[in-house]
Amino acid sequence: MDDLRDKYLTAIATAADEATLEDLRVAAVGKKGEVSLQMRELGKMTPEERQAAGPKLNALKDEINSALSAKKAALEDAALDARLAQEWLDVTLPARQTPQGTIHPVSQVTEEVTAILADMGFAVAEGPQIETDWYNFDALNIPSHHPARTEMDTFYMARADGDNRPPHVLRTHTSPVQIRSMQDHGAPIRIICPGRVYRADYDQTHTPMFHQVEGLAIDKDISMANLKWVLEEFFSAFFGTSVKTRFRASHFPFTEPSAEVDIQCSWEGGTVKVGEGDGWLEVLGSGMVHPKVLEAGGIDPAQWQGFAFGMGIDRMAMLKYGIPDLRAFFDSDLRWLRHYGFSALQVPTLHGGL
Ligand code: DAH
């Protein structure tokens, strides 16, 4: 019996894992284990023999069982210690840096402009950047001989020989969306269309791709007075201070009468400040929509009339945030983007409290 005791207690003490321990349990005190088999022999013994052997065997069984559970606990502790040693975390380490992008000034200003005009009841419309020359020119009362076609430095899409589709251009302004919106929704209508436009031009204030926002309001009795109010409210809300406007008679094929709009500014120290001083800065074109343009949009000019305007978004961003060179807008220089970009938390605010 002592042999059994030594054999199992040694084996248990040196068992390396729980599976070995379980094998030992089955071999010693399992149903057919060595200790169990010896206990079965008790029945064949004389009462005296049994009295001597029984308690010893019971004690041996107890001893093996408690050695097994002690060793099992020890193995579990060791496993946990090993896991803890592997999975430790140094909470004093500096946090890992995740690169943070910024919102481009054009996106920021587009949001601001849209928020202000949406508050005045303008819905946002969209149109394709590749347009037919009909939408970009003819429908806007710019026939093919018109000088405006060449003045705009239009990008024409290349055409294969035998391609009979109408000529396509990269839209030179957002005005074609006026026509598309009129065709889609009829009158009355009140939309703005912010978006990309293209002209072959490149200097400090011109890039081949830039952004405009178009405005269009058509109803029974819309007048220049409504246009003036909308624009003055818009500029005051956008710049966060009351801004005087000046309407100068001008000419656009798609409006009659037409006006270029200047905003009040000062030029002190080489920087432009909007909303103060007695200088003027031209910022947009506008006017009453030409009857021919209404007709092209499928709207009866005898019943309906309205105003339209077109404004450069990039130019608004340069003015509001003091950015001197337009070309840098599209260079993707990370230092520029970090400097002039906005955080996602800088949501547009309506300063004027419209
Ligand atoms: N489409 C003109 C441009 O790109 C801007 C413009 C002028 C738009 C007058 C208008 C308008 O809607 O009425 O230069």
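Just so you know, these numbers come straight off a predicted model, no measurement behind them. (Residues numbered from 1 in each chain as written. Predicted model: local features only at pLDDT ≥ 70, side-chain atom pairs only at ≥ 80, totals over all residues. Heavy atoms only, no water.)

1. Some words on the layout of surface pockets
Taken as a whole, the largest pocket spans an internal volume of roughly 1000 Å³. Among the secondary structure elements, those contributing two or more residues to the lining of the largest pocket are helix 7 (147–151), strand 5 (209–219), strand 6 (245–252), strand 7 (255–266), strand 9 (279–289), strand 10 (305–312) and helix 11 (313–321). When the residues that make up the lining of the largest pocket are grouped by side-chain class, the tally is 14 nonpolar, 16 polar and 9 charged. Its volume calculated, the second largest pocket comes out at about 320 Å³. Val272, Met318, Leu319, Ile323 and Pro324 are, among the 13 residues lining the second largest pocket, the residues nearest its centre. (1 Å grid on protein atoms, 1.4 Å probe; cavity = no way out; pocket = protein on both sides within 12 Å on 5 of 7 lines; lining within 4 Å. Points joined across faces, edges and corners; volume = space filled by probe spheres on them. Helix = DSSP H or I, 4+ residues; strand = E, 2+ residues; numbered from the N terminus. Nonpolar A, V, L, I, M, F, W, Y, C, P; charged D, E, K, R; others polar.)

2. Things to note about the packing of aromatic side chains
In this structure the tally under the stated criterion is 11 aromatic pairs. Between Phe238 and Phe239, the ring centres sit 4.9 Å apart and the planes meet at 85°, which makes this aromatic pair edge-to-face. Each member of the pair, Phe238 together with Phe239, is buried. Measuring from centroid to centroid gives 5.8 Å for Phe252 and Phe254, while their planes differ by 20°, and the two rings are stacked. For Phe254, a relative accessible area of 12% translates into the label buried. Members of the aromatic cluster, connected to one another through ring pairs, are Phe234, Phe235, Phe238 and Phe239. It is Arg180 that lies over the ring of Tyr135; its NZ or CZ is 3.8 Å from the centre. Seen from the ring of Trp304, Lys220 lies directly overhead, with NZ or CZ sitting 4.4 Å from the centre. (Phe/Tyr/Trp six-rings, centres within 6.5 Å; stacked < 30°, edge-to-face > 60°. Buried < 20%, exposed > 50% of the residue type's maximum accessible area, 1.4 Å probe, protein only. Lys NZ or Arg CZ within 6 Å of the ring centre and 35° of its normal.)

3. Some remarks on the environment of Ser250
Following the sequence through the fold, Ser250 ends up in strand 6. Not counting residues within four places of it along the chain, the set of residues in contact with Ser250 comprises Ser258, Ala259 and Glu260. In terms of polar contacts, Ser250 uses its side chain to reach the side chain of Glu260, at 3.5 Å. (Contact = heavy atoms within 4.5 Å. Polar contact = N/O pair within 3.5 Å; in protein donor to acceptor, adjacent residues only side chain to side chain.)

4. Structural notes on the domain arrangement of the chain
Domain boundaries assigned for the chain yield domain 1 (2–86) and domain 2 (105–340). Distance from the C-alpha centre of domain 1 to the C-alpha centre of domain 2: 90 Å. (Domains from an automatic or database assignment.)

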